[in-house]
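This is what each chain is made of:
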Amino acid sequence: ITQAGSDDPDFDYVQRAEPVLARSPMLCGVVMWPLNPKWGGSLEQLQSFLDHALTRPNVTPGDRGQIEAHYWNERAGISLMHGDTDKAMNHLKTSLSRDPAQSDAHSLMSRLYADRDGYRQAVASIQTALQRETTPARLEKLGIYLENSEQADQAAHAYERALFWGSGYAAGRLLNL
């Protein structure tokens, strides 16, 4: 999978990323993604890459936390793939203990709360994700969670914000509030 998108059989994204891995926790997260079993990798490959990334020279404690958080986000996705939402939630909590600013972990956690009808918790989680990174999909989720929390005015505001990002879905939700 690390050769995906290349006609060169010797091309390897992990090897190509090697010189900058220590400087970029985000790149480590991107490299972990294709190592996920869902995309043809394995838990062993994911763990091996984590171990390698953490032992690189010049990895700061902050970088270490971010890299570990990306790993636990991937593990949460694997647990969801197997239908184990409790384990996924625990993995996301571990991710956030390593890097509380992990917007992807907050976003996914909001979905898990919503799936359990915990809309107030879902709202809090998605708002935290939005503080870190605003996306139309997250604004749409916020609107949905607010609607389900019987906060139509706030839901309308979230959908209006999503409209500025070009969300047709938000337009439809606004018309049906």
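Criteria and cut-off values
- Each residue is numbered by its place in its chain's sequence as written, counting from 1.
- Only residues with pLDDT of at least 70 are given local features in this predicted model, and only at 80 or more are side-chain atom pairs given and counted; all residues enter the totals for whole chains, interfaces and linings.
- Each side-chain value is derived from all of the structure's non-hydrogen atoms; neither hydrogens nor water enter the calculation.
- Helix and strand definitions here come from DSSP, where helices need a minimum of 4 consecutive H or I residues and strands a minimum of 2 consecutive E residues; each element is numbered from the N-terminal end.
- Burial classification: accessible surface area is computed with a 1.4 Å probe over protein chains only, and a residue below 20% of its type maximum counts as buried, one above 50% as exposed, and the rest as partly exposed.
- Here, Shrake-Rupley sampling with a 1.4 Å probe gives the accessible areas, and only protein chains in the shown set may cover a residue.
- An axis is simply a line fitted to the C-alpha atoms; with a helix, the fit covers only the stretch in contact. Between two such axes, the angle follows the N-to-C directions and lies from 0 to 180 degrees.
- Here a crossing is called left-handed whenever its near helix is offset anticlockwise from the far helix by less than a right angle, and right-handed whenever the offset is clockwise.
- It only takes one pair of heavy atoms within 4.5 Å for two residues to be counted as in contact.
- In this classification, Asp, Glu, Lys and Arg are treated as charged, Ala, Val, Leu, Ile, Met, Phe, Trp, Tyr, Cys and Pro as nonpolar, and every other residue, Gly included, as polar.
- Every helix has an expected span of 1.5 Å times one less than the residues it contains.
- What the arc covers is the set of directions going from the helix axis to the C-beta atoms.
- A 1.4 Å probe that fits but cannot get out identifies a cavity on a 1 Å grid over protein atoms alone, an open set with protein on both sides within 12 Å along at least five of seven lines counts as a pocket, and a residue lines either if it has an atom within 4 Å of a point.
- Grid points are joined across faces, edges and corners, and a volume is the space filled by probe spheres set on the points.
- Each aromatic pair joins two rings of Phe, Tyr and Trp (for Trp, the six-membered one) with centres within 6.5 Å, and gets the label stacked for planes under 30 degrees apart, edge-to-face for over 60, and tilted for any other angle.
- Salt bridges are identified by distance alone: a Lys or Arg side-chain nitrogen within 4 Å of an Asp or Glu carboxyl oxygen.

**Student:** Hey, could you go over the overall build of the chain for me, with residue numbers and the actual values?
**Tutor:** When helices and strands are counted, the chain shows 10 helices and 0 strands. Mapped from its N terminus to its C terminus, the chain presents α and β elements in the order α-α-α-α-α-α-α-α-α-α. Each of the 177 residues in the chain was classed as buried or not, and the buried ones make up 45%. Accessible area for the chain stands at about 9700 Å²; split by element, carbon and sulfur atoms hold 50% of it.

**Student:** For the packing of helix H9 (residues 152–163) against helix H10 (residues 168–175), give the residues involved together with the corresponding values.
**Tutor:** Running from N to C, H9 and H10 point in directions that differ by 150°, and their axes come no closer than 8 Å. You can see that H9 and H10 cross each other, and the crossing is left-handed. Across the interface between the two elements, Ala156, Tyr159, Glu160, Ala162 and Leu163 of H9 pack against Ala170, Ala171, Arg173 and Leu174 of H10. Of the residues in the contact of H9 with H10, the class split is 7 nonpolar, no polar and 2 charged.

**Student:** Can you lay out H9 for me, pointing to particular residues and giving the numbers?
**Tutor:** Its 12 residues place the ends of H9 16 Å apart at the C-alpha level, agreeing with the 16 Å of an ideal helix rising 1.5 Å per residue. Buried within H9 we find Ala155, Ala156, Ala158, Tyr159 and Ala162. For H9, the angular spread of the buried residues around the axis is 160°, confining them to a single face. Elements that come into contact with the buried residues of H9 comprise helix H8 (136–148) and H10.

**Student:** Can you lay out the side chain of Ser103 for me, pointing to particular residues and giving the numbers?
**Tutor:** Relative to the elements of secondary structure, Ser103 occurs in helix H6 (residues 103–115). According to the relative accessible area criterion, Ser103 is buried, its value standing at 8%. Each residue touching Ser103, except ones within four places of it in the same chain, is listed here: Ala129, Arg132, Glu133 and Arg138.

**Student:** Tell me what's going on with the layout of surface pockets, and back it up with residues and numbers.
**Tutor:** Rolled over the atoms, a probe as big as a water molecule pinpoints where empty space is left. The space that makes up the largest pocket amounts to roughly 460 Å³. Around the largest pocket, the lining is made up of 21 residues, and of these Trp33, Asn73, Glu74, Gly77 and Leu108 lie nearest the centre. Taken together, the residues of the lining of the largest pocket break down into 9 nonpolar, 7 polar and 5 charged.

**Student:** A description of unusual backbone geometry should follow, citing residues and the corresponding values.
**Tutor:** One non-glycine residue with positive phi stands out, namely Asp117, at about 60°. Within the element layout of this structure, Asp117 appears in the loop between H6 and helix H7 (119–132). Look at Glu150: it is not a glycine, yet its phi comes out positive at around 60°. In this structure, Glu150 sits in the loop between H8 and H9.

**Student:** Tell me what's going on with the packing of aromatic side chains, and back it up with residues and numbers.
**Tutor:** The geometry of an aromatic ring pair comes down to the distance between the two centres and the angle between the two planes. Using the criterion set out here, one finds 3 aromatic pairs in the structure. For the ring pair Tyr71 and Trp72, a centre distance of 5.1 Å and an interplane angle of 80° mean the geometry is edge-to-face. Tyr71 gets classed as buried once you look at its relative accessible area, which sits at 4%. Each ring, one from Tyr119 and one from Tyr145, has its centre 6.3 Å from the other, and the planes form 45°; the classification is tilted. Separated by 26 residues along the polypeptide, Tyr119 in helix H7 and Tyr145 in helix H8 bring together distant segments of the chain. Overall, Tyr145 belongs to the buried group, its relative accessible area being 5%.

**Student:** I'd like to hear about the environment of Leu130, residue by residue, with values.
**Tutor:** Along the chain, the position of Leu130 falls in helix H7. Discounting residues that sit within four places of it in the chain, Leu130 has contacts with Thr135, Arg138, Leu139 and Leu142.

**Student:** Please provide a residue-by-residue account of the pattern of salt bridges, values included.
**Tutor:** On inspection of all chains with the given rule, the structure shows 6 salt bridges. Note that Arg98 and Glu68 form a salt bridge whose closest N and O atoms lie 3.1 Å from each other. With Arg98 in helix H5 (residues 85–98) and Glu68 in helix H4 (residues 61–81), this residue pair connects regions lying 30 residues apart in the sequence. Owing to a relative accessible area of 36%, Arg98 belongs among the partly exposed residues under this scheme. Take Glu68: its relative accessible area is 17%, and that puts it in the buried class. Salt-bridge contacts for Arg138 lead to Asp104; the nearest nitrogen and oxygen are separated by 2.8 Å. One end of the pair, Arg138, is in helix H8; the other, Asp104, is in helix H6, with 34 residues separating them in the sequence. The exposure class of Asp104 is partly exposed, given its relative accessible area of 45%.

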